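Observations on the model geometry
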Amino acid sequence: MHFETLAIHAGQAPDPAYGAVMVPIYQTSTYVQKKIGETEYDYARTANPTRTALQACIAALEGGKHGLAFASGMAAIDCVLRLLRPGDHVLASNDVYGGTYRIFERVYRDYGIAFSFVEMGDLDAVRAALRSTTRMVWVETPTNPLLKIADIAGIAGVLAQAPARPLLVVDNTFASPYLQRPLALGADIVVHSATKYLGGHSDVVSGLVVLNDDALHDRLKFLQNAVGAVPGPLDCFLVLRGIKTLPLRMERHSANAMRIAAWLTAHPRVAQVLYPGLPSHPGHAIAAKQMSGFGGMISFVVKGGPAEARRVAEATRLFALAESLGGVESLIEVPAAMTHTSVANSPLAVDPALIRLSVGIEHADDLIADLAQALA
Ligand SMILES: *Cc1c(COP(=O)(O)O)cnc(C)c1O
């Protein structure tokens, strides 16, 4: 079936108990066993029917075999990193979510894992940066916050030639499976902060993992239960509900962002606009090839430096000054001072004059009018 249909129905047959159309919130920690061991569910850390529905739904949307749900995007990322052993090396995009950089450098480095960062858009640089110990290549595309684009199929091709083929992990948070499906492009594992576009309403923190490989899934499922960073049933319900309108929302996010990016480009007080939908963006051709739309995230640099960036971000009325992204409402922030403080003074440090927009699904004219008054 098509994506729009799967978004509403995958994993969500009418409830067997009473025929509820929406998956119920199974708010229970344990389940009665008919005889010892004779039960589909035993304990809710291990499995819960609301979570099972969400896991099946995201697997269908990413075109994968297995889905796993977590208490946050970081918990999902943490579970995937637990596949590593001391001595392993991870090659990552040189522009990643601040929390991803933080867990690499300040948590897993202490366990003997090595990390290095590369321009993922440059396949020769990726090839050159691989080590004999590289077990994982960690890709964000588009990246947070610089909206850089990496060629997922191209990277998969490079890794296929490596002696010990590393796992290709793609954080698909910015695109969502509606715009980009990394498994079909050669990725092994997809991770999501479902807090963002999948949830879509700024009312839940959640994370997801999708993959095809049965043995890797067994290991991650074991870790999900053994470590226990699982989402509650209400959180799973909220993500399931959000996903139902994902196709409609992503269309509007993308259309609004395209208009705003073009408008910002022509604005005299704007020095640079980073949006993969603009033909001037260095990753535009790859983005057009591997994505079905360019999404709702825009970053731009204002003339006048960091102080002017802060002034503009604090002067909008409709765009709320807030961290996070991907909700129906528009948000504005200064990454260097907000979402990306954990990369300050690192090679990944962000220009303090950069402003990031999460363009919502309000009317584009109202959003442009708000930016116009703030820039003025
Ligand atoms: C927000 C985010 C995360 C972390 O997810 P949480 O749900 O906040 O734990 C990971 N990757 C990207 C790209 C993000 O934007």
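Residues numbered from 1 in each chain as written. Predicted model: local features only at pLDDT ≥ 70, side-chain atom pairs only at ≥ 80, totals over all residues. Heavy atoms only, no water.

**Here's the deal with the overall build of the protein chain**
Quick reminder of the rule: A run of DSSP states H or I qualifies as a helix once it reaches four residues; a run of E qualifies as a strand once it reaches two. Both are numbered from the N-terminal end. With C-alpha atoms as the basis for the radius of gyration, the globule rule is written as 2.2 Å multiplied by the number of residues raised to the power 0.38. Here the term buried applies to any residue with accessible area under 20% of the maximum for its type, exposed to any over 50%, and partly exposed to those in between, with areas from a 1.4 Å probe on protein chains only. Whether two residues touch is decided by their heavy atoms; if any such pair falls within 4.5 Å, the residues are in contact. Exposure was quantified through the Shrake-Rupley algorithm and a 1.4 Å probe, taking into account, for residues, occlusion by the shown protein chains and nothing else. Asp and Glu are treated as the negative residues and Lys and Arg as the positive ones, with His and the ends of the chain left uncounted. Taken as the charge centre is NZ of Lys, CZ of Arg, CG of Asp or CD of Glu, depending on the residue.
The helix and strand tally for the protein chain stands at 13 helices and twelve strands. A globule of 376 residues ought to have a C-alpha radius of gyration of about 21 Å, and the protein chain, at 21 Å, matches this closely. With the C-alpha coordinates aligned to their principal axes, the bounding extent of the protein chain is approximately 75 × 50 × 35 Å. Out of the 376 residues belonging to the protein chain, those deemed buried represent 55%. Taking all contacts inside the protein chain whose residues are at least 6 apart in sequence as the whole, residues at least 24 apart take part in 71%. As displayed, the protein chain offers around 15,400 Å² of accessible surface, 56% of which is attributable to carbon and sulfur atoms. For the protein chain, the distance from the average position of its 31 positive side-chain charges to the average position of its 34 negative side-chain charges is 2 Å.

**Quick notes on helix α6 (residues 152-160)**
We count it as follows: Contacts described as polar in this section are N or O atom pairs within 3.5 Å, which, within protein, must combine one atom able to donate a hydrogen with one able to accept it, while residues neighboring in sequence count only if both atoms come from side chains.
Taken as a whole, α6 has its buried residues at I152, G154, I155, A156, V158 and L159. Capping the start of α6, D151 holds a side-chain oxygen 3.4 Å from the backbone nitrogen of A153, two or three residues further along.

**Quick notes on the packing of aromatic side chains**
Filter applied, for reference: Each Phe, Tyr or Trp ring (for Trp, its six-membered ring) is paired with any other whose centre lies within 6.5 Å, and the angle between the two planes then decides the class: stacked below 30 degrees, edge-to-face above 60, tilted in between. We call a charge positioned over a ring when the NZ of a Lys or the CZ of an Arg lies within 6 Å of the ring centre and within 35 degrees of the ring normal.
All told, the structure shown has seven aromatic pairs when counted by the stated rule. Aromatic pair F3 and Y178: ring centres 5.3 Å apart, planes at 65 degrees, arrangement edge-to-face. Remark: Y178 occurs in helix α7 (residues 176-179) and F3 occurs in helix α1 (residues 3-9); sequence separation between them is 175 residues. A relative accessible area of 11% means that F3 is categorised as buried. For Y178, a relative accessible area of 12% corresponds to the buried category. For the ring pair F104 and W138, a centre distance of 5.6 Å and an interplane angle of 85 degrees mean the geometry is edge-to-face. Of this pair, F104 sits in helix α4 (residues 98-106) while W138 sits in strand β4 (residues 134-140), placing them 34 residues apart in sequence. Comparing F104 with W138, the two get one shared label, buried. Taken together, the ring pairs in this structure connect Y101, F104, F115, F117 and W138 into an aromatic cluster. Directly above the aromatic system of Y97 lies the positively charged group of K196, at a separation of 5.1 Å from the ring centroid.

**Some points on the domain arrangement of the protein chain**
Threshold: Start and end points for every domain follow an automatic or database-based domain assignment. Computed with a 1.4 Å rolling probe, the buried area is the accessible surface lost when two parts are put together, summed over both parts. Each salt bridge in this description consists of a side-chain nitrogen of Lys or Arg and a carboxyl oxygen of Asp or Glu lying within 4 Å of one another.
Under the domain assignment, the protein chain is made up of domain 1 (3-243) and domain 2 (247-375). Taken together, the contacts link 41 residues of domain 1 with 41 residues of domain 2. When domain 1 packs against domain 2, close to 3,000 Å² is buried across both sides, 63% of that on carbon and sulfur atoms. In this structure, the connection of domain 1 to domain 2 is made through one salt bridge. K289 serves as the salt-bridge partner of D151, at 3.7 Å between the closest nitrogen and oxygen.

**Observations regarding unusual backbone geometry**
Following T141, the chain continues into P142 via a peptide bond in cis, with omega recorded as -5 degrees. For P142, the position within the fold is in the loop between β4 and α6. The step from N144 to P145 runs through a cis peptide bond, and the omega angle for that step is 10 degrees. Counting through the fold element by element, P145 comes out in the loop between β4 and α6. A positive phi is found at L147, a non-glycine position, where the angle reads about 55 degrees. The class of L147 is buried, set by a relative accessible area of 1%. Positive phi, close to 50 degrees, is recorded for S202, a residue that is not glycine.

**Focus on the site of the ligand**
In plain terms, the rule: We define proximity as follows: a residue is near a molecule or strand when any one of its heavy atoms falls within 4 Å of that partner. Each residue receives one of three labels: charged for Asp, Glu, Lys and Arg, nonpolar for Ala, Val, Leu, Ile, Met, Phe, Trp, Tyr, Cys and Pro, and polar for the others, Gly being one of them.
In the neighbourhood of the ligand, 14 residues make up the surrounding shell, with M74, D171, S193, T195 and K196 lying closest. S193 is positioned such that a nitrogen or oxygen atom in its side chain is 2.8 Å from an oxygen atom of the ligand. Within the contact set of the ligand, an oxygen atom lies 2.8 Å away from a side-chain nitrogen or oxygen of K196. For the ligand, the protein covers 92% of the area, taking 380 Å² as the surface of the free molecule. Looking at which element gives the most residues to the shell around the ligand, the answer is helix α3 (residues 73-81), with three residues. Classifying every residue of the shell around the ligand gives five nonpolar, seven polar and two charged.

**Topic: the pattern of salt bridges**
With the rule as written, the count across this model stands at twelve salt bridges. Note that R127 and D124 form a salt bridge whose closest N and O atoms lie 2.8 Å from each other. Residue R127 and its partner D124 are both found in helix α5 (residues 123-129); the two are separated by three residues, about one turn of the helix. Given a relative accessible area of 53%, D124 falls into the exposed group. Its salt-bridge partner being E333, residue R356 comes within 3.1 Å of it at the nearest N-O pair. Placement of R356 in strand β12 (residues 354-358) and of E333 in strand β11 (residues 331-333) is noted, with a sequence separation of 23 residues between them. Assigned by exposure class, R356 and E333 land together as buried. One salt-bridge network, held together by shared partners, links R269, E308 and R311.

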